[in-house]
Amino acid sequence: MLRKDFLWGGSVSSMQTEGAWNEDGKGESNYDARVIKDGHSDWKTAIDFYHRYKEDIKLFSEMGMTSYRFSISWARVLPFGDEEVNEKGLDFYEDVVDELIANGIEPIVCMHHFDVPNKLVQDHGGWWSKEFIESFKRLTIAVVDRLGKKVKYWFPINEQNAMMFSSALFPSSDLAQNDVKGRDRRSTQSIHNAQVAGAFLRKYVKEVNPDAQVGGMISYAPFYPVDCNPVTINKAKRIQEAFNFLTLDPMVLGEYSSETLASWKRYDIMPDMSDDELELLKNNTSDYIGFSYYSSRLVSDQSADDNNPTEMENIMITMMSNKMEKNPYLEQSEWSWTIDEVGLRTSLNDIYRRYKKPIIILECGLGVEETLNDENTVEDDYRIEYLRNHINETKKAVEIDGVDCFGFLTWGPIDILSSQAEMRKRYGFIYVNRGETDLKDLNRYKKKSFSWFQNVIASNGED
Ligand code: BGP
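Named according to an unreviewed UniProt entry, the protein chain is 6-phospho-beta-glucosidase originating from Breznakia pachnodae. UniProt lists a comment for the protein chain under the heading Sequence similarities (unreviewed entry), and it reads "Belongs to the glycosyl hydrolase 1 family."

Things to note about the confidence of the model for the protein chain
Summing up the model confidence of the protein chain, the mean pLDDT is 93 and the portion of residues at 70 or higher is 95%. The complex model carries a pTM of 0.96, and its ipTM stands at 0.98.

Here's the deal with the packing of helix H13 (residues 341–355) against helix H14 (residues 381–399)
The interhelical angle for the contact between H13 and H14, taken along N-to-C directions, is 30°, at an axis separation of 8 Å. On the basis of their axis angle, the class for H13 and H14 is roughly parallel. The element H13 and its partner H14 pack so that their crossing is right-handed. The segment H13 lies against H14, with Glu341, Val342, Leu344, Arg345, Leu348 and Asn349 engaging Asn389, His390, Glu393, Thr394, Lys396 and Ala397. Grouping the amino acids of the contact of H13 with H14 by side-chain chemistry returns 4 nonpolar, 4 polar and 4 charged.

Concerning the packing of helix H4 (residues 87–102) against helix H6 (residues 130–147)
Between H4 and H6, the least distance of the axes is 10 Å, while the angle of their chain directions is 40°. Considering their axes alone, H4 and H6 lie oblique with respect to each other. Where H4 crosses over H6, the two elements pack in a sense that is right-handed. Counting all contacts with H4, which are made through Leu90, Tyr93, Glu94 and Val97, the residues of H6 involved are Ala142, Val143, Arg146 and Leu147. When grouped by side-chain class, the residues that make up the contact of H4 with H6 number 6 nonpolar, no polar and 2 charged.

Quick look at the sheet that holds strand S5 (residues 213–214)
Here 9 strands make up an open sheet; going across it, the order is S5-S4-S3-S2-S1-S11-S10-S8-S6 and the pairing parallel. Only two strands of the sheet have a single neighbouring strand rather than two, namely S5 and strand S6 (216–219). The sheet contact formed by strand S2 (residues 67–71) and strand S3 (residues 106–112) spans 5 bridges and is parallel. Each residue of the ladder has a partner; that of Tyr68, found in S3, is Pro107. The strands touched by H14 are strand S10 (359–363) and strand S11 (405–411); relative to S11, the strand with the most contacts, the crossing angle is about 165°.

Let's talk about H4
Here H4 spans 22 Å end to end across 16 residues, near enough to the 22 Å set by a 1.5 Å rise per residue. Three or more residues of H4 are buried, namely Gly89, Phe92, Tyr93, Val96 and Leu100. On an axial view of H4, the arc spanned by its buried residues comes to 90°, and they lie on one face. In this structure, H4 carries Asp91, Asp95 and Ala102 as exposed residues pointing more than 90 degrees from its buried face. Considering only its buried residues, H4 is in contact with helix H2 (49–63), S2, helix H3 (74–77), S3 and H6. Downstream of H4 by a residue or two, Gly104 has a phi angle that is positive, lying close to 75°.

Quick notes on the rules
- Sequence order as written defines residue numbering, which begins from 1 separately in each chain.
- The model is predicted, so local features are restricted to residues of pLDDT at least 70 and side-chain atom pairs to those at 80 or more, both for listing and for counting; the totals for chains, interfaces and linings are taken over all residues.
- UniProt positions are given in the numbering used here, feature names are shortened, and annotations may be inferred rather than shown by experiment.
- You can read pLDDT as the predictor saying how much it trusts each residue, on a scale of 0 to 100.
- Only the contacting stretch of a helix is used when fitting its axis, a line to C-alpha atoms as for every element, and angles between N-to-C directions run 0 to 180 degrees.
- Each helix corresponds to a stretch of at least 4 residues labelled H or I by DSSP, and each strand to a stretch of at least 2 residues labelled E; elements are numbered beginning at the N terminus.
- An angle below 35 degrees is treated as roughly parallel, one above 145 as roughly antiparallel, one from 65 to 115 as roughly perpendicular, and anything else as oblique.
- Put simply, a crossing is left-handed when the front helix is turned counterclockwise from the back one by less than a right angle, and right-handed when it is turned clockwise.
- Residues are scored as being in contact if the C-beta atoms we place from backbone atoms lie within 7 Å.
- For this classification, Asp, Glu, Lys and Arg are treated as charged, while Ala, Val, Leu, Ile, Met, Phe, Trp, Tyr, Cys and Pro are nonpolar and the rest, including Gly, are polar.
- Strand pairing is defined by DSSP finding a minimum of two bridges between the two strands.
- Residue count minus one, scaled by 1.5 Å, sets the expected span of a helix.
- Residue burial here comes from a neighbour count, namely the number of other C-beta atoms, placed from the backbone, that lie within 10 Å of the residue's own C-beta, with 20 or more meaning buried, 12 or fewer meaning exposed, and in between meaning partly exposed.
- Note that the arc is defined by the directions from the helix axis to the C-beta atoms.

Encoded structure:
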(Lines give C-alpha, C1' and ligand atoms only; values in the text may rest on other atoms or scores of the structure.)
Protein backbone atom coordinates (compact mmCIF):
# COMPACT_ATOMS: atom_id res chain seq x y z
CA MET A 1 0.00 0.00 0.00
CA LEU A 2 1.07 3.53 -0.66
CA ARG A 3 1.32 5.71 2.42
CA LYS A 4 -1.92 7.39 3.48
CA ASP A 5 -0.55 10.89 2.91
CA PHE A 6 0.86 9.99 -0.53
CA LEU A 7 0.88 13.16 -2.63
CA TRP A 8 -1.08 12.97 -5.87
CA GLY A 9 -0.95 15.89 -8.23
CA GLY A 10 0.55 17.65 -11.17
CA SER A 11 3.53 19.78 -12.12
CA VAL A 12 3.95 22.79 -14.35
CA SER A 13 6.39 25.64 -14.90
CA SER A 14 5.76 29.37 -14.91
CA MET A 15 6.62 30.13 -18.52
CA GLN A 16 4.60 27.18 -19.86
CA THR A 17 1.41 28.29 -18.06
CA GLU A 18 1.27 31.88 -16.85
CA GLY A 19 1.30 34.20 -19.86
CA ALA A 20 0.92 37.85 -18.76
CA TRP A 21 4.50 38.16 -19.94
CA ASN A 22 4.74 41.91 -19.47
CA GLU A 23 2.01 42.59 -16.92
CA ASP A 24 2.18 44.02 -13.41
CA GLY A 25 5.87 44.84 -13.54
CA LYS A 26 7.22 41.55 -14.88
CA GLY A 27 10.55 41.90 -16.70
CA GLU A 28 11.34 40.27 -20.02
CA SER A 29 12.65 36.71 -19.67
CA ASN A 30 15.08 34.97 -21.98
CA TYR A 31 12.13 32.93 -23.29
CA ASP A 32 10.07 36.05 -24.05
CA ALA A 33 13.03 37.32 -26.06
CA ARG A 34 13.43 34.16 -28.16
CA VAL A 35 12.84 34.22 -31.89
CA ILE A 36 9.79 32.05 -32.50
CA LYS A 37 9.69 29.70 -35.45
CA ASP A 38 6.83 30.18 -37.93
CA GLY A 39 3.68 28.37 -36.83
CA HIS A 40 4.96 27.92 -33.27
CA SER A 41 3.50 29.48 -30.16
CA ASP A 42 5.28 32.22 -28.34
CA TRP A 43 5.44 32.34 -24.54
CA LYS A 44 3.42 35.48 -24.15
CA THR A 45 -0.01 34.09 -23.26
CA ALA A 46 0.67 30.40 -22.62
CA ILE A 47 -2.61 29.13 -21.07
CA ASP A 48 -3.21 32.42 -19.25
CA PHE A 49 -2.90 30.82 -15.81
CA TYR A 50 -2.03 34.28 -14.48
CA HIS A 51 -5.64 35.37 -14.95
CA ARG A 52 -7.37 31.99 -14.65
CA TYR A 53 -5.59 30.38 -11.70
CA LYS A 54 -8.72 30.29 -9.53
CA GLU A 55 -10.70 28.41 -12.17
CA ASP A 56 -7.81 25.98 -12.74
CA ILE A 57 -7.19 25.33 -9.06
CA LYS A 58 -10.91 24.66 -8.63
CA LEU A 59 -10.66 21.95 -11.31
CA PHE A 60 -7.54 20.48 -9.67
CA SER A 61 -9.39 20.37 -6.39
CA GLU A 62 -12.39 18.71 -8.04
CA MET A 63 -10.01 16.06 -9.35
CA GLY A 64 -8.89 15.53 -5.76
CA MET A 65 -5.29 16.61 -6.29
CA THR A 66 -3.41 16.91 -3.02
CA SER A 67 -0.34 18.63 -4.43
CA TYR A 68 0.58 21.08 -7.16
CA ARG A 69 4.10 21.93 -8.17
CA PHE A 70 4.77 25.21 -9.93
CA SER A 71 7.78 27.41 -10.51
CA ILE A 72 8.53 31.05 -9.86
CA SER A 73 9.14 33.23 -12.87
CA TRP A 74 12.46 34.83 -11.92
CA ALA A 75 11.70 37.92 -14.05
CA ARG A 76 8.26 38.36 -12.44
CA VAL A 77 9.93 38.79 -9.06
CA LEU A 78 13.25 40.33 -10.09
CA PRO A 79 12.49 42.03 -13.43
CA PHE A 80 16.18 42.58 -14.22
CA GLY A 81 17.78 40.07 -11.89
CA ASP A 82 19.24 42.87 -9.77
CA GLU A 83 18.13 44.35 -6.42
CA GLU A 84 14.79 45.61 -7.72
CA VAL A 85 11.95 43.44 -6.37
CA ASN A 86 8.51 43.46 -8.00
CA GLU A 87 6.06 43.18 -5.11
CA LYS A 88 3.15 42.56 -7.49
CA GLY A 89 4.91 39.42 -8.70
CA LEU A 90 5.17 38.20 -5.12
CA ASP A 91 1.49 39.09 -4.57
CA PHE A 92 0.58 36.78 -7.45
CA TYR A 93 2.49 33.82 -6.06
CA GLU A 94 1.10 34.41 -2.59
CA ASP A 95 -2.43 34.46 -4.03
CA VAL A 96 -1.76 31.17 -5.84
CA VAL A 97 -0.39 29.57 -2.68
CA ASP A 98 -3.37 30.81 -0.62
CA GLU A 99 -5.80 29.52 -3.21
CA LEU A 100 -4.11 26.10 -3.30
CA ILE A 101 -4.11 25.78 0.48
CA ALA A 102 -7.75 26.89 0.68
CA ASN A 103 -8.53 24.05 -1.75
CA GLY A 104 -6.64 21.44 0.26
CA ILE A 105 -3.73 21.28 -2.20
CA GLU A 106 -0.13 21.23 -0.95
CA PRO A 107 1.99 23.71 -2.92
CA ILE A 108 5.43 22.47 -4.02
CA VAL A 109 7.58 25.37 -5.13
CA CYS A 110 10.40 25.14 -7.65
CA MET A 111 12.43 28.35 -7.58
CA HIS A 112 13.82 28.16 -11.10
CA HIS A 113 12.55 26.30 -14.15
CA PHE A 114 14.63 27.29 -17.20
CA ASP A 115 13.54 30.95 -17.59
CA VAL A 116 15.63 33.84 -16.26
CA PRO A 117 15.50 37.63 -16.61
CA ASN A 118 16.80 38.47 -20.05
CA LYS A 119 18.87 41.32 -18.64
CA LEU A 120 20.79 38.82 -16.53
CA VAL A 121 21.59 36.76 -19.63
CA GLN A 122 22.57 39.82 -21.62
CA ASP A 123 24.91 41.03 -18.90
CA HIS A 124 26.35 37.76 -17.61
CA GLY A 125 25.73 34.96 -20.11
CA GLY A 126 24.56 31.88 -18.25
CA TRP A 127 24.80 29.78 -15.11
CA TRP A 128 28.59 29.65 -15.43
CA SER A 129 28.64 33.25 -14.13
CA LYS A 130 28.82 33.71 -10.37
CA GLU A 131 26.36 36.59 -10.88
CA PHE A 132 23.69 33.97 -11.49
CA ILE A 133 24.24 32.69 -7.96
CA GLU A 134 23.97 36.21 -6.55
CA SER A 135 20.76 36.91 -8.43
CA PHE A 136 19.32 33.53 -7.45
CA LYS A 137 20.05 34.34 -3.80
CA ARG A 138 18.15 37.63 -4.12
CA LEU A 139 15.24 35.77 -5.73
CA THR A 140 15.27 33.15 -2.98
CA ILE A 141 15.29 35.71 -0.19
CA ALA A 142 12.42 37.70 -1.74
CA VAL A 143 10.26 34.62 -2.35
CA VAL A 144 11.02 32.75 0.87
CA ASP A 145 10.52 35.86 3.01
CA ARG A 146 7.02 36.08 1.52
CA LEU A 147 6.05 32.38 1.27
CA GLY A 148 8.42 30.57 3.61
CA LYS A 149 5.92 30.12 6.42
CA LYS A 150 3.11 28.95 4.13
CA VAL A 151 4.89 26.46 1.88
CA LYS A 152 6.27 23.17 3.20
CA TYR A 153 7.88 21.65 0.07
CA TRP A 154 10.61 23.45 -1.87
CA PHE A 155 13.33 22.66 -4.32
CA PRO A 156 15.72 25.02 -6.08
CA ILE A 157 16.06 24.10 -9.75
CA ASN A 158 14.10 22.05 -12.26
CA GLU A 159 16.06 19.14 -13.76
CA GLN A 160 19.28 20.43 -12.32
CA ASN A 161 21.34 18.03 -14.43
CA ALA A 162 20.27 20.13 -17.42
CA MET A 163 23.08 22.44 -16.30
CA MET A 164 25.31 19.98 -18.08
CA PHE A 165 23.92 21.46 -21.27
CA SER A 166 24.22 24.98 -19.97
CA SER A 167 26.22 26.35 -22.84
CA ALA A 168 23.51 25.01 -25.14
CA LEU A 169 20.70 26.46 -22.98
CA PHE A 170 22.34 29.87 -22.84
CA PRO A 171 23.97 31.42 -25.90
CA SER A 172 27.65 30.59 -26.15
CA SER A 173 28.17 32.33 -29.46
CA ASP A 174 31.18 34.18 -28.04
CA LEU A 175 33.07 30.86 -28.08
CA ALA A 176 34.67 29.50 -31.22
CA GLN A 177 32.81 26.64 -32.85
CA ASN A 178 35.58 24.17 -32.05
CA ASP A 179 36.19 25.39 -28.49
CA VAL A 180 35.01 22.17 -26.87
CA LYS A 181 37.00 22.72 -23.72
CA GLY A 182 35.57 26.22 -23.35
CA ARG A 183 32.04 24.86 -23.51
CA ASP A 184 32.85 22.01 -21.14
CA ARG A 185 34.32 24.46 -18.66
CA ARG A 186 31.09 26.42 -18.82
CA SER A 187 29.15 23.22 -18.20
CA THR A 188 31.15 22.22 -15.13
CA GLN A 189 31.08 25.76 -13.76
CA SER A 190 27.31 25.86 -14.30
CA ILE A 191 26.90 22.51 -12.58
CA HIS A 192 28.82 23.79 -9.60
CA ASN A 193 27.16 27.22 -9.46
CA ALA A 194 23.73 25.60 -9.54
CA GLN A 195 24.78 23.35 -6.64
CA VAL A 196 25.81 26.39 -4.64
CA ALA A 197 22.54 28.18 -5.44
CA GLY A 198 20.57 25.07 -4.44
CA ALA A 199 22.41 24.69 -1.15
CA PHE A 200 21.78 28.36 -0.38
CA LEU A 201 18.05 27.90 -0.95
CA ARG A 202 17.96 24.87 1.35
CA LYS A 203 19.78 26.80 4.06
CA TYR A 204 17.60 29.88 3.76
CA VAL A 205 14.26 28.06 3.68
CA LYS A 206 15.23 26.13 6.83
CA GLU A 207 16.19 29.35 8.60
CA VAL A 208 12.75 30.78 7.86
CA ASN A 209 10.85 27.54 8.47
CA PRO A 210 12.73 24.67 10.16
CA ASP A 211 9.80 22.30 9.43
CA ALA A 212 10.02 22.77 5.67
CA GLN A 213 11.14 19.93 3.40
CA VAL A 214 13.71 21.08 0.89
CA GLY A 215 14.88 18.80 -1.85
CA GLY A 216 16.65 18.69 -5.16
CA MET A 217 15.45 17.56 -8.57
CA ILE A 218 16.91 16.06 -11.72
CA SER A 219 15.70 14.51 -14.93
CA TYR A 220 16.36 10.80 -14.41
CA ALA A 221 16.79 8.20 -17.12
CA PRO A 222 18.04 4.64 -16.89
CA PHE A 223 20.61 3.79 -19.57
CA TYR A 224 20.53 0.20 -20.80
CA PRO A 225 23.39 -1.42 -22.72
CA VAL A 226 22.14 -2.61 -26.09
CA ASP A 227 24.08 -5.87 -25.83
CA CYS A 228 26.26 -7.83 -23.44
CA ASN A 229 29.52 -6.58 -24.88
CA PRO A 230 31.46 -5.43 -21.77
CA VAL A 231 32.47 -2.27 -23.64
CA THR A 232 28.83 -1.34 -24.13
CA ILE A 233 27.95 -2.21 -20.54
CA ASN A 234 30.78 -0.07 -19.27
CA LYS A 235 29.73 2.80 -21.50
CA ALA A 236 26.11 2.61 -20.35
CA LYS A 237 27.25 2.67 -16.73
CA ARG A 238 29.50 5.66 -17.26
CA ILE A 239 26.79 7.62 -19.00
CA GLN A 240 24.30 6.63 -16.30
CA GLU A 241 26.68 7.89 -13.60
CA ALA A 242 27.41 11.13 -15.37
CA PHE A 243 23.88 11.99 -16.44
CA ASN A 244 22.11 11.03 -13.20
CA PHE A 245 24.50 10.85 -10.28
CA LEU A 246 27.04 13.55 -11.03
CA THR A 247 24.34 16.05 -10.02
CA LEU A 248 22.57 13.99 -7.37
CA ASP A 249 25.69 13.14 -5.36
CA PRO A 250 26.58 16.69 -4.26
CA MET A 251 22.90 17.54 -3.84
CA VAL A 252 22.22 14.61 -1.55
CA LEU A 253 25.61 13.67 -0.09
CA GLY A 254 27.08 17.17 0.01
CA GLU A 255 30.13 16.51 -2.15
CA TYR A 256 31.19 15.55 -5.66
CA SER A 257 32.22 11.96 -6.16
CA SER A 258 35.91 11.21 -6.48
CA GLU A 259 35.23 9.99 -10.04
CA THR A 260 33.69 13.33 -10.99
CA LEU A 261 36.60 15.28 -9.56
CA ALA A 262 39.13 12.98 -11.20
CA SER A 263 37.47 13.34 -14.58
CA TRP A 264 37.29 17.13 -14.30
CA LYS A 265 40.95 17.19 -13.37
CA ARG A 266 41.95 14.82 -16.15
CA TYR A 267 40.21 16.91 -18.78
CA ASP A 268 41.30 20.20 -17.24
CA ILE A 269 37.73 21.41 -16.77
CA MET A 270 37.71 21.82 -12.98
CA PRO A 271 35.30 24.61 -12.03
CA ASP A 272 36.23 27.47 -9.77
CA MET A 273 35.02 26.33 -6.30
CA SER A 274 35.74 28.23 -3.10
CA ASP A 275 36.09 26.60 0.32
CA ASP A 276 33.02 28.50 1.53
CA GLU A 277 30.98 27.13 -1.33
CA LEU A 278 32.08 23.56 -0.67
CA GLU A 279 31.23 24.04 3.01
CA LEU A 280 27.77 25.31 2.06
CA LEU A 281 27.19 22.19 -0.05
CA LYS A 282 28.33 19.90 2.73
CA ASN A 283 26.00 21.44 5.32
CA ASN A 284 22.84 21.83 3.26
CA THR A 285 21.89 18.57 1.62
CA SER A 286 18.45 17.58 0.31
CA ASP A 287 15.72 16.23 2.57
CA TYR A 288 14.17 14.42 -0.36
CA ILE A 289 14.91 13.63 -4.00
CA GLY A 290 12.59 14.62 -6.82
CA PHE A 291 12.91 13.55 -10.41
CA SER A 292 11.16 13.73 -13.74
CA TYR A 293 10.73 10.48 -15.63
CA TYR A 294 9.71 10.03 -19.24
CA SER A 295 11.80 7.30 -20.81
CA SER A 296 14.81 5.03 -20.73
CA ARG A 297 17.75 5.24 -23.14
CA LEU A 298 19.58 2.57 -25.00
CA VAL A 299 23.36 2.77 -25.29
CA SER A 300 25.32 1.01 -27.99
CA ASP A 301 29.08 0.97 -28.31
CA GLN A 302 28.50 3.61 -30.98
CA SER A 303 26.47 5.86 -28.69
CA ALA A 304 29.38 8.02 -27.77
CA ASP A 305 32.76 8.24 -29.27
CA ASP A 306 35.67 7.46 -26.98
CA ASN A 307 37.82 9.75 -29.07
CA ASN A 308 35.71 12.70 -28.09
CA PRO A 309 37.67 14.89 -25.78
CA THR A 310 35.58 14.83 -22.66
CA GLU A 311 32.91 13.04 -20.72
CA MET A 312 30.60 16.05 -21.12
CA GLU A 313 30.76 15.84 -24.88
CA ASN A 314 30.09 12.12 -24.72
CA ILE A 315 26.94 12.60 -22.70
CA MET A 316 25.76 15.45 -24.88
CA ILE A 317 26.25 13.41 -28.01
CA THR A 318 24.47 10.41 -26.55
CA MET A 319 21.55 12.43 -25.28
CA MET A 320 21.10 14.70 -28.26
CA SER A 321 22.11 12.74 -31.30
CA ASN A 322 20.37 10.19 -33.41
CA LYS A 323 23.00 7.69 -32.33
CA MET A 324 20.53 6.84 -29.57
CA GLU A 325 19.21 3.40 -30.44
CA LYS A 326 15.53 2.47 -30.57
CA ASN A 327 14.63 -0.23 -28.06
CA PRO A 328 12.98 -3.09 -30.02
CA TYR A 329 10.99 -4.18 -26.94
CA LEU A 330 9.35 -0.82 -26.35
CA GLU A 331 6.88 1.50 -28.04
CA GLN A 332 7.53 5.17 -28.62
CA SER A 333 5.29 8.23 -28.31
CA GLU A 334 4.40 10.43 -31.28
CA TRP A 335 7.43 12.47 -30.30
CA SER A 336 9.68 9.36 -30.36
CA TRP A 337 10.02 9.22 -26.58
CA THR A 338 10.47 5.61 -25.50
CA ILE A 339 7.64 4.40 -23.27
CA ASP A 340 9.08 2.30 -20.45
CA GLU A 341 7.15 1.99 -17.21
CA VAL A 342 9.47 -0.73 -15.89
CA GLY A 343 12.29 1.78 -16.21
CA LEU A 344 10.48 3.89 -13.63
CA ARG A 345 10.63 1.06 -11.09
CA THR A 346 14.32 0.60 -11.94
CA SER A 347 14.94 4.33 -11.47
CA LEU A 348 13.20 4.43 -8.10
CA ASN A 349 15.30 1.49 -6.96
CA ASP A 350 18.57 2.89 -8.30
CA ILE A 351 18.05 6.19 -6.52
CA TYR A 352 16.75 4.74 -3.27
CA ARG A 353 19.48 2.13 -2.89
CA ARG A 354 22.15 4.76 -3.38
CA TYR A 355 20.79 7.44 -1.04
CA LYS A 356 18.07 5.99 1.22
CA LYS A 357 16.17 9.28 1.09
CA PRO A 358 12.45 9.83 0.45
CA ILE A 359 11.66 10.21 -3.24
CA ILE A 360 8.93 12.01 -5.14
CA ILE A 361 8.17 11.58 -8.83
CA LEU A 362 7.76 15.17 -9.95
CA GLU A 363 7.01 14.67 -13.64
CA CYS A 364 5.64 11.79 -15.66
CA GLY A 365 3.28 11.88 -18.60
CA LEU A 366 2.51 11.32 -22.25
CA GLY A 367 2.51 14.15 -24.80
CA VAL A 368 -0.09 13.59 -27.55
CA GLU A 369 -1.67 15.69 -30.29
CA GLU A 370 -5.39 15.92 -29.48
CA THR A 371 -8.57 17.71 -30.51
CA LEU A 372 -11.92 18.11 -28.82
CA ASN A 373 -14.65 15.77 -30.09
CA ASP A 374 -18.31 16.71 -30.60
CA GLU A 375 -19.06 16.10 -26.93
CA ASN A 376 -16.39 18.64 -26.00
CA THR A 377 -14.10 16.05 -24.50
CA VAL A 378 -11.13 13.85 -25.46
CA GLU A 379 -11.26 10.06 -25.17
CA ASP A 380 -7.67 9.74 -23.99
CA ASP A 381 -7.51 6.04 -23.12
CA TYR A 382 -3.84 5.99 -24.15
CA ARG A 383 -3.04 8.49 -21.38
CA ILE A 384 -4.95 6.40 -18.83
CA GLU A 385 -3.03 3.31 -19.90
CA TYR A 386 0.32 5.11 -19.82
CA LEU A 387 -0.21 6.57 -16.36
CA ARG A 388 -1.82 3.43 -14.95
CA ASN A 389 1.23 1.40 -16.00
CA HIS A 390 3.63 3.91 -14.48
CA ILE A 391 1.65 4.10 -11.24
CA ASN A 392 1.59 0.30 -11.02
CA GLU A 393 5.38 0.15 -11.36
CA THR A 394 5.69 2.83 -8.70
CA LYS A 395 3.54 0.71 -6.40
CA LYS A 396 5.76 -2.32 -7.05
CA ALA A 397 8.81 -0.25 -6.14
CA VAL A 398 7.13 0.76 -2.88
CA GLU A 399 5.32 -2.43 -1.93
CA ILE A 400 7.74 -5.08 -3.17
CA ASP A 401 11.11 -3.32 -3.25
CA GLY A 402 10.64 -1.12 -0.18
CA VAL A 403 11.37 2.22 -1.81
CA ASP A 404 10.23 5.23 0.21
CA CYS A 405 8.26 7.16 -2.43
CA PHE A 406 5.90 9.82 -1.13
CA GLY A 407 4.26 11.22 -4.24
CA PHE A 408 3.41 10.93 -7.92
CA LEU A 409 2.88 14.14 -9.88
CA THR A 410 2.00 14.02 -13.55
CA TRP A 411 3.50 16.52 -15.95
CA GLY A 412 0.96 19.08 -17.11
CA PRO A 413 -2.28 18.12 -15.30
CA ILE A 414 -3.80 20.70 -17.62
CA ASP A 415 -2.64 21.19 -21.24
CA ILE A 416 0.23 23.64 -21.36
CA LEU A 417 2.89 24.70 -23.83
CA SER A 418 5.61 22.11 -24.35
CA SER A 419 9.20 22.94 -23.56
CA GLN A 420 9.57 23.74 -27.26
CA ALA A 421 6.48 26.01 -27.19
CA GLU A 422 4.19 23.58 -28.99
CA MET A 423 0.56 23.71 -27.92
CA ARG A 424 -0.16 20.59 -29.95
CA LYS A 425 1.85 18.43 -27.53
CA ARG A 426 -0.69 17.92 -24.78
CA TYR A 427 -0.29 16.15 -21.45
CA GLY A 428 -3.35 17.23 -19.47
CA PHE A 429 -6.43 15.73 -17.88
CA ILE A 430 -7.97 19.07 -18.83
CA TYR A 431 -8.10 20.27 -22.43
CA VAL A 432 -7.28 23.93 -23.10
CA ASN A 433 -8.90 25.36 -26.19
CA ARG A 434 -6.08 27.16 -27.95
CA GLY A 435 -3.94 26.48 -31.00
CA GLU A 436 -0.33 27.31 -31.74
CA THR A 437 -0.87 30.89 -32.83
CA ASP A 438 -4.66 31.10 -32.61
CA LEU A 439 -5.49 31.72 -28.95
CA LYS A 440 -9.20 30.84 -29.46
CA ASP A 441 -11.18 31.19 -26.21
CA LEU A 442 -8.76 29.33 -23.90
CA ASN A 443 -11.69 27.53 -22.30
CA ARG A 444 -11.08 24.41 -20.23
CA TYR A 445 -12.73 21.00 -20.85
CA LYS A 446 -12.39 17.74 -18.90
CA LYS A 447 -10.92 14.80 -20.79
CA LYS A 448 -11.89 11.19 -20.06
CA SER A 449 -8.73 10.81 -17.94
CA PHE A 450 -10.02 13.51 -15.55
CA SER A 451 -12.46 11.20 -13.80
CA TRP A 452 -10.02 8.28 -14.05
CA PHE A 453 -7.36 10.23 -12.14
CA GLN A 454 -10.04 11.38 -9.71
CA ASN A 455 -10.68 7.69 -8.88
CA VAL A 456 -6.97 6.94 -8.66
CA ILE A 457 -6.56 9.66 -6.06
CA ALA A 458 -9.71 8.75 -4.15
CA SER A 459 -8.56 5.13 -3.90
CA ASN A 460 -4.91 6.09 -3.21
CA GLY A 461 -3.71 4.37 -6.36
CA GLU A 462 -5.90 1.26 -6.22
CA ASP A 463 -7.91 2.09 -9.35
C1 BGP B 1 10.85 18.36 -18.82
C2 BGP B 1 10.69 19.79 -18.42
C3 BGP B 1 9.34 20.37 -18.58
C4 BGP B 1 8.45 19.72 -19.61
C5 BGP B 1 8.69 18.25 -19.80
C6 BGP B 1 8.05 17.65 -21.03
O7 BGP B 1 12.14 18.15 -19.28
O8 BGP B 1 11.00 19.94 -17.05
O9 BGP B 1 9.46 21.75 -18.70
O10 BGP B 1 8.24 20.48 -20.69
O11 BGP B 1 10.05 17.94 -19.86
O12 BGP B 1 8.77 18.03 -22.17
P13 BGP B 1 8.05 18.59 -23.46
O14 BGP B 1 7.26 19.75 -22.98
O15 BGP B 1 9.14 18.97 -24.39
O16 BGP B 1 7.22 17.49 -23.97
